[in-house]
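# Examination of the molecular architecture
Here are the chains, one letter per residue:
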Amino acid sequence: MQTKRLIIVAVGGQGNLLASKVLGEAALLCGVPVRMSEIHGMAQRGGVVESSVVFGDAKSTIISDGEADVLVGFEPLETLRALNKCSRETTVITNMTPLPPFTVAIGRGTYPDLNQLQTLIQAKTKQLIAFDAVELAKSAGSVLAVNIVLLGALIKTGILPITKENLQTAIRTKTKKAFVDVNLKAFDLGFQLPGQA
Amino acid sequence: MHKLLTDSPGEKMLLLGNEAIARGAIEAGVAFATTYPGTPSSEISLNLFQISNESDLYFEYSTNEKVALEVAAAAANSGVRTFCMMKHVGMNVAADPLMTLAYVGVKAGLVILTADDPFMFSSQNEQDNRYYGKLSGVPILEPSSVEEAREMTIAAFDLSEQLGEPVILRTTTRINHSSAFVALGTIQPRNTKGDFTKDPFNLVAVPAVSRRLHVRLLENWAKARSIAETSVFNFIEGEGSWGIVCSGVSYNYVSDAIHELGIQNKTRILRLGLTHPTPPGRVKDFLTGCEKVLVVEEGEPFLEETVMAFAQKAELTVPIAGKDETLFSRLYEFDPTMVRQVIATYFGVDDTPSQVPDLSDIPEIPQRPPNLCAGCSHRATYYAVKKAAEGMETIFPTDIGCYTLGFLPPLSMGDFVICMGSSVSTSCGFSKATGKQVIGFIGDSTFFHSGLTGLVNAVYNNHNFTLVILDNGTTAMTGHQPHPGVDMANFNRSGYGRISIEAVVRAIGVEHVSVIKPYKVKKSIEAVKAAIEHKGVSVVISQEMCTLYARSLKKLNVRAFQVTDKCKNHRDCINEIGCPAFFLEGERVQIDPNACVGCAVCAQICPENAITPVKDKKAG
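Residues numbered from 1 in each chain as written. Chains lettered and ligands numbered in written order. Predicted model: local features only at pLDDT ≥ 70, side-chain atom pairs only at ≥ 80, totals over all residues. Heavy atoms only, no water.

Per an unreviewed UniProt entry, the recorded name for chain A is Indolepyruvate oxidoreductase, and the organism is Desulfosarcina ovata subsp. ovata.

Dropping the structure here:
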């Protein structure tokens, strides 16, 4: 089976690890081998959470520079920071709602211009799918569903060997019961975005 | 029911490496488990702690790793299968009992898990704990995958009983924090009731006994070496005259690399899982068919030096390399591309490097460093101490925990840290050697872990410094585990004691002890001033529950604050407190009502009294 490598980057609390878990469960349903690795050391204190998901027969659980097939960023600055994982062949999907780091919030650093950020990513990768996932999550019923909106957009690209149906099943069985409906709606909203199919 | 107690062998479950290890221990019939929390090992004990609430597994968070291993040693010598978990630096604390426990041995399986942290994602160093196996004479098992972590945990208990020795299970962050589908095995029944047979001439390590026990240890070590010769965890894969020796996660990178380079038919891999004692026969057989050999292992050249020594003994002149300026580094962790490139270089194969984009035109990306949380009481305490010590030449030794982050600006409180408990003892040294004002910081869990002994030393030797104990009611850094000062009712557990830090400090003989509520800024500054003025050892205990923990216990119900029009933009709040609830809107400071927990520290320091509670707006 062809190996597909996915990097997800987020700020602590955005639901990165849950998103990876849902993807993993969907992979099981699809009969696809999957290995994941996460770095969440001090994330609870406002840091970055990164997870790598490797689909297919590879044994490694981490992804080297330039080796990601897909990068999903839950926060635009963090997407930009992870660009070293990408190559000309990489598809990048990113939420465009900034969560400025504290250093920026108090004027000790500059948040990059969002238009410039998009132009740069576009110039260096195969494809950029950028949108306001927070807005879509809110319209699905909860701002917390940003992670699932992004999964919708990710599955729509068709890059991963994961079907829409199996991902929906994983949402039903692996996310909190009270949030299943919101999450399914969030997934649909992400899936309806234009993407490579 | 806890998912790791699922009794359906063959079922596949997506597990974190640490969950796979906990499941392995449960399948092995572990009945007794001890630990001190430390990343990347924490989730193993978290799962066993939860499981102990719904089964007859005995689990304890011990005060430190030395205590955890000593408690475990007694249980295992009473015939109960025992698991003792820690992070790599925890093994330094447990090293004292480990060295002699190897002599005394065990009656039932005792597995000691060390979670090493190459690249220091959450640690103060990246020591390679395989040397503890060599130092103590205890066997080491090193899994390469999450699935194997489950399997090896079970095997480690069996090996421990076969030898009558503790066994070290050595993982790295990339095993602990990786996930994969793991097929569940059968849960063996737990034997929870042990018994102890007196045998002082084999169990009391006085010199005359230990002289014999060292002989026994070496015999066991030789036995372990012969087990390693045939262990299923040591295997050779592939055909060819290029040899690669590897262990742990490096095996994965090697496997992927030789496929990507298309050199499967030229390369043989010796994957060692039972890495200590390293089997000389296995290694010799492997080397004999090789034209040149590369050793691929993160950290120190542990296997490399052993393999070279074996080659010398067998009079084999095959080139062997590993750590070298042109090959692998002893620094940090490996990654798949780096391993592939080194393999390609060493064996002279073409490698198409991945096309990393040129990122030279990317604007400077602001860092997102971890930060003390909004409303964290440590920030308030640091502020109070800073104000109390204003104008003095002060040294601030600090310790291991969330509060270490206080060394960052704008607080900049923290001048020296080496290990758990070191703030107290280094305060003794700094004050004696420099004669300067010294104020040390230590957390509550860390105080029980190893701050106590330093404080006894300080009182006994009549040192002159102030120790601030930052008591937030939990072991916050590793995910809110309990410690001897915690009310276990928070965990719905009864039958535990609870130790008052204040009573302990007074009992040791500290003459000047004060307890402060750090959110009361003025009073706190006054109390710290009085403590500094005291000649000799003084202690300030700063009590306020960790905000994240209080939130999870639903004990946080406060009103958010806001910046009103009275603000004259002095920015004392941002420049001195630096709470992450602040942000700038244009040139004005604002408070994010969703982040603010209402500690009101900023309101108390604002020169214009411009920060007030938000009316009718509940936060938290």
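Across its full length, chain B holds 21 helices and 23 strands. Relative to the globule expectation of 25 Å for 620 residues, the C-alpha radius of gyration of chain B, 27 Å, shows essentially globular dimensions. Each principal axis of the C-alpha distribution contributes one length, and for chain B these read about 80 × 70 × 55 Å. Sequence separation of at least 24 residues holds for 79% of the intrachain contacts in chain B that already meet a minimum separation of 6. Of the roughly 24700 Å² of accessible surface on chain B, a fraction of 53% belongs to carbon and sulfur atoms. Computed over 56 positive and 67 negative side-chain charges, the inter-centroid distance for chain B is 7 Å. (Helix = DSSP H or I, 4+ residues; strand = E, 2+ residues; numbered from the N terminus. Rg over C-alpha atoms; globule rule 2.2 N^0.38 Å. Contact = heavy atoms within 4.5 Å. Areas by Shrake-Rupley, 256 points an atom, 1.4 Å probe, with all protein chains shown as cover. Lys, Arg positive; Asp, Glu negative; His and termini not counted. Charge placed at Lys NZ, Arg CZ, Asp CG, Glu CD.)

Residue and element names in this part refer to chain A. Close contact between helix α5 (residues 133-140) and helix α6 (residues 146-156) brings their axes to 8 Å; oriented N to C, the two are set at 110°. By the angle between their directions, the pair α5 and α6 is classed as roughly perpendicular. In this structure, α5 contributes Ala133, Val134, Leu136 and Ala137 to the contact, and α6 contributes Val146, Val149 and Leu150. Here the residues of the contact of α5 with α6 sort into 7 nonpolar, no polar and no charged. (Axes fitted to C-alpha atoms, helices over the stretch in contact; angles between N-to-C directions. Parallel < 35°, antiparallel > 145°, perpendicular 65-115°, else oblique. Nonpolar A, V, L, I, M, F, W, Y, C, P; charged D, E, K, R; others polar.)

Residue and element names in this part refer to chain A. Summarising burial for strand β3 (residues 48-55): 6 of the 8 residues are buried, a large majority. Both strand β1 (residues 4-11) and β3 contribute to a ladder of 8 bridges, which runs antiparallel. Bridge pairing in β3 links Val9 to Glu50. Of the pairings in the sheet, the one linking strand β2 (residues 34-39) to β3 comprises 6 bridges and is antiparallel in character. Across the sheet, Ile39 pairs through a bridge with Glu50, a residue of β3. (Buried < 20%, exposed > 50% of the residue type's maximum accessible area, 1.4 Å probe, protein only. Pairing = 2+ DSSP bridges.)

This part takes up the interface of chain B and chain A. Tallying the contact residues gives 59 residues for chain B and 54 residues for chain A. Here chain B and chain A share an interface that buries about 4700 Å² over both sides, 59% of which is from carbon and sulfur atoms. Taken as a group, Phe181, Pro366 and Arg368 of chain B account for 17% of the area that chain B buries against chain A, more than any other trio of residues on that side. Where Lys124 of chain A meets Asp361 of chain B, a salt bridge forms, and the shortest distance between an N and an O atom there is 2.8 Å. The interface formed by chain B and chain A contains 20 residue pairs in polar contact (both at pLDDT 80 or more). With 6 residues, helix α10 (residues 250-260) of chain B is the largest single contributor of residues to the side of chain B that touches chain A. (Buried area = accessible area lost by both parts, 1.4 Å probe. Salt bridge = Lys/Arg side-chain N within 4 Å of Asp/Glu carboxyl O. Polar contact = N/O pair within 3.5 Å; in protein donor to acceptor, adjacent residues only side chain to side chain.)

What follows deals with the confidence of the model for chain B. Summing up the model confidence of chain B, the mean pLDDT is 96 and the portion of residues at 70 or higher is 99%. Interface scoring of the predicted complex returns ipTM 0.94; its pTM is 0.95. (pLDDT = per-residue confidence, 0-100.)

Before going further, it helps to examine the packing of aromatic side chains. Residues and elements named next belong to chain B. Per the counting criterion, the structure on display carries 19 aromatic pairs over all chains. Ring centres 5.9 Å apart and planes at 65° place the aromatic pair Phe83 and Phe157 in the edge-to-face group. Within this pair, whereas Phe83 is found in strand β4 (residues 82-87), its partner Phe157 is found in helix α6 (residues 146-163), the two being separated by 74 residues in sequence. Residue classification places Phe83 among the buried residues on the basis of a relative accessible area of 0%. The class for Phe157 is buried, based on a relative accessible area of 0%. Grouping aromatic residues by their ring pairs yields a cluster made of Phe49, Phe59, Tyr61, Phe491 and Tyr549. Sitting over the face of the ring of Phe302, Lys134 holds its NZ or CZ atom 5.3 Å from the ring centroid. Above the ring of Tyr346, the side-chain terminus of Lys292 is found at 4.2 Å from the ring centroid. (Phe/Tyr/Trp six-rings, centres within 6.5 Å; stacked < 30°, edge-to-face > 60°. Lys NZ or Arg CZ within 6 Å of the ring centre and 35° of its normal.)

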